[in-house]
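Listed here are the chains, written in short residue letters.
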Amino acid sequence: MKRSVLSAALGLAVTAGLAIVPATAVAAPAAPAAVQGYTASTYAGSAAEAAGNRAFFQAVMASAKAKQAANPWLQTVTVTYDTAGAPSFTGQIASAAQIWNGSVHNVQLQESSGTGDFSYYEGDDSRGSYASTDGHGHGYIFLDYQQNQQYDSVRVTAHETGHVLGLPDHYSGPCSELMSGGGPGPSCTNPYPDGNERAQVDSLWANGAAPAN
């Protein structure tokens with residue numbers, strides 16, 4: 001994931017049963033052990049994953065705050081993302097950004113024409129979709145073709161984007177919780193964060209100055 005963030009255009013909602021047709025994609029970096037996947041697995045919830053996700057979130061916040069420092073009158077932090085590595089998912093990414101932008105106030109997502117605060121990639125991976133970091137604050141969101149056909153694709157994308165905004169997985173939660181991910185099963189198509197998740201993100205990004213928990 002990489003450098004700046006704010007508004008997003010209305011995307012095409014894709015249902016779980018709609019196939020994703022791969023386009024020519026930029027190869028994603030090899031994923032290290034510290035990843036947060038959409039469905040519970042042997043690597044989800046580890047200490048390395050938690051530390052990696054925190055480093056990723058802190059780096060994205062630091063990048064956004066540095067940009068905001070040049071424009072101190074701005075009350076909302078903008079985090080930018082690029083989609084060059086995930087051309088098949090531009091609609092889902094736009095929808096996920098729109099959902100988050102309409103759900104929180106202290107941070108907004110905006111597509112970048114170049115390198116953003118973080119990036120999206122697509123492809124095939126046995127682990128499914130995930131947010132990944134190298135442990136030094138750099139990372140990206142990977143969207144797996146097969147998983148995005150099995151599960152609601154906008155929910156998957158919004159869930160992984162939630163990690164960038166500072167939220168951890170909570171697989172045991174109900175379908176009404178976005179960060180429960182694939183825990184409730186493929187029938188869950190809710191792409192919206194609940195009130196507690198929205199409040200957590202706004203707290204983390206309050207005036208762009210709140211430290212990560």
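Conventions adopted
- Residues numbered from 1 in each chain as written.
- Predicted model: local features only at pLDDT ≥ 70, side-chain atom pairs only at ≥ 80, totals over all residues.
- Heavy atoms only, no water.
- Helix = DSSP H or I, 4+ residues; strand = E, 2+ residues; numbered from the N terminus.
- Buried < 20%, exposed > 50% of the residue type's maximum accessible area, 1.4 Å probe, protein only.
- Salt bridge = Lys/Arg side-chain N within 4 Å of Asp/Glu carboxyl O.
- Disulfide = S-S within 2.5 Å.
- Core = buried A, V, L, I, M, F, W, Y, C linked by side-chain atoms within 4.5 Å.
- Pairing = 2+ DSSP bridges.
- Right-handed = clockwise from strand over helix to strand, strands pointing away.
- Arc of directions from axis to C-beta.
- Polar contact = N/O pair within 3.5 Å; in protein donor to acceptor, adjacent residues only side chain to side chain.
- pLDDT = per-residue confidence, 0-100.
- Contact = heavy atoms within 4.5 Å.
- Phe/Tyr/Trp six-rings, centres within 6.5 Å; stacked < 30°, edge-to-face > 60°.

(A) Local environment of the environment of A84. On the secondary structure map, A84 appears in strand β2 (residues 77–85). Its relative accessible area of 56% is what places A84 among the exposed residues. For the pair A84 and Y120, spaced 36 residues apart in sequence, the C-alpha to C-alpha distance is 7.4 Å.

(B) Layout of the pattern of salt bridges. Scanning the model with the defined rule gives one salt bridge in all. Residue R127 pairs with D125 through a salt bridge whose shortest N-O separation is 3.0 Å. For D125, a relative accessible area of 18% gives the class buried.

(C) How the structure looks around the state of the cysteines. Counted by the stated rule, this structure contains one disulfide. Here C175 is linked by a disulfide to C188, with a sulfur-sulfur distance of 2.0 Å. Between C175 and C188 the sulfur-sulfur dihedral comes to about 90 degrees; the bridge is accordingly right-handed. Taken together, the residues span a long stretch of sequence, with C175 in the loop between α4 (153–164) and α5 (195–204) and C188 in the loop between α4 and α5 at a distance of 13 residues. Since its relative accessible area comes to 3%, C188 is described here as buried.

(D) Representation of the environment of M61 within the structure. Note that M61 resides in helix α1 (residues 47–69). Overall, M61 belongs to the buried group, its relative accessible area being 6%. Counting along the chain gives 18 residues from M61 to V79, while the straight-line C-alpha distance between them is 7.8 Å.

(E) Examining the nonpolar core more closely. Counting 35 residues, the largest nonpolar core has V79, W100, L109, F118, Y120, V201 and W205 as the members making the most contacts within it. Only α1, β2, α2 (90–103), β3 (107–111), β4 (118–123), β6 (139–144), α4 and α5 provide two or more residues apiece to this core.

(F) Quick peek at the pairing of β2. The buried fraction of β2 is high, at eight of nine residues. Of the pairings in the sheet, the one linking β2 to β3 comprises five bridges and is parallel in character. What sits directly across from V77, in β3, is V107. In this fold, the crossover linking β2 to β3 by way of α2 has right-handed handedness. Here β2 runs beside β4; their pairing, made up of three bridges, is parallel. In the sheet register, G85 faces β4, and the bridge partner there is Y121.

(G) Main features of α5. Of all the positions in α5, only E197, V201, D202 and L204 are classed as buried. Each buried residue of α5 lies within a common arc of 165 degrees when the element is viewed along its axis, so the set occupies one face. For α5, the N-terminal cap is D194; the gap from its side-chain oxygen to the backbone nitrogen of N196 is 3.2 Å.

(H) Just the confidence of the model for the protein, in detail. Of the residues in the protein, 71% have a pLDDT of 70 or more, and the chain-wide mean is 78. Confidence, expressed as mean pLDDT per element, reaches its minimum in the protein at strand β1 (residues 35–37) with 73 and its maximum at α2 with 98. In this model, residues 1–21 is a region of pLDDT below 50 whose contacts with residues beyond four sequence positions or in other chains number 101 contacts.

(I) Highlighting the packing of aromatic side chains. Using the criterion set out here, one finds eight aromatic pairs in the structure. Ring centres of Y130 and F142 lie 5.1 Å apart, and the angle between their planes is 15 degrees; on these two criteria the pair is classed as stacked. Residue Y130 is located in strand β5 (residues 130–133), and its partner F142 is located in strand β6; the two are separated by twelve residues in the primary sequence. For the pair Y130 and F142, one class covers both residues: buried. Cluster of aromatic residues (ring-pair linked, three or more members): Y121, Y130, Y140 and F142.

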